[in-house]
Amino acid sequence: MRIGFGYDNHRLIENRPLYLGGLIIPSDKGEDAHSDGDVLLHALIDALFGAMALGDIGDHFPPSDDRYKDISSVTLLKETLKETKADIINVDITIILEKTKLKDHKVKIKENVASLLGINSQRVSIKAKTHEKVDATGKGDAIECYAAVLLSND
């Protein structure tokens, strides 16, 4: 068994879509990033690479490389899954976002993440929290995500 932990954050800006788990979530702000900025998938990718001791997302998909400009994070996740080649036991994800409430979107996000990973949705946990108006995330100027994965590496 291997455990991986990932984290990502991005500033939020107007006139950009908000991507979470490969889906566009209705919001007045989206992630400011080199790629599509999907913090959930970026944290998950970091957790997968971390579990396999393969570095982090920046090592594999550096923001300085124009090949990754505006790339879909779903594409990055697919490449990560090819490289890590481990069986995913479960995934636990926490999204921290102040202003766009995710209650009505968590089931769709969970199902899409499970589909992208090729696992049963009962193996995916999606939680949404706020920062209680503290710091940039709490003021609605940023989004954060934490991800933990448990892998079987036979």
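Above this text sits the structure in question.
Reading the values: the criteria
Residues numbered from 1 in each chain as written. Predicted model: local features only at pLDDT ≥ 70, side-chain atom pairs only at ≥ 80, totals over all residues. Heavy atoms only, no water. Patch = residues over 30% accessible without salt bridge, like charges linked within 9 Å, V, L, I, M, F, W, Y side chains within 5 Å. Areas by Shrake-Rupley, 256 points an atom, 1.4 Å probe, with all protein chains shown as cover. Salt bridge = Lys/Arg side-chain N within 4 Å of Asp/Glu carboxyl O. Buried < 20%, exposed > 50% of the residue type's maximum accessible area, 1.4 Å probe, protein only. Helix = DSSP H or I, 4+ residues; strand = E, 2+ residues; numbered from the N terminus.

(A) Structural detail: a nonpolar patch on the surface. On the surface, Phe5, Tyr7 and Tyr146 cluster together into a nonpolar patch covering about 300 Å² of accessible area. The partly exposed category is assigned to Tyr146, whose relative accessible area is 31%.

(B) Layout of the pattern of salt bridges. Tallying each qualifying case throughout the model produces 6 salt bridges. Salt-bridge contacts for Arg67 lead to Asp65; the nearest nitrogen and oxygen are separated by 2.6 Å. The exposure class assigned to Asp65 is buried, which follows from its relative accessible area of 18%. When the shortest N-O distance is used, the salt bridge between Lys82 and Glu79 registers 3.4 Å. One end of the pair, Lys82, and the other, Glu79, are both in helix α3 (residues 73-84), 3 residues apart, so they sit about a helical turn from each other. For Glu79, a relative accessible area of 36% corresponds to the partly exposed category.

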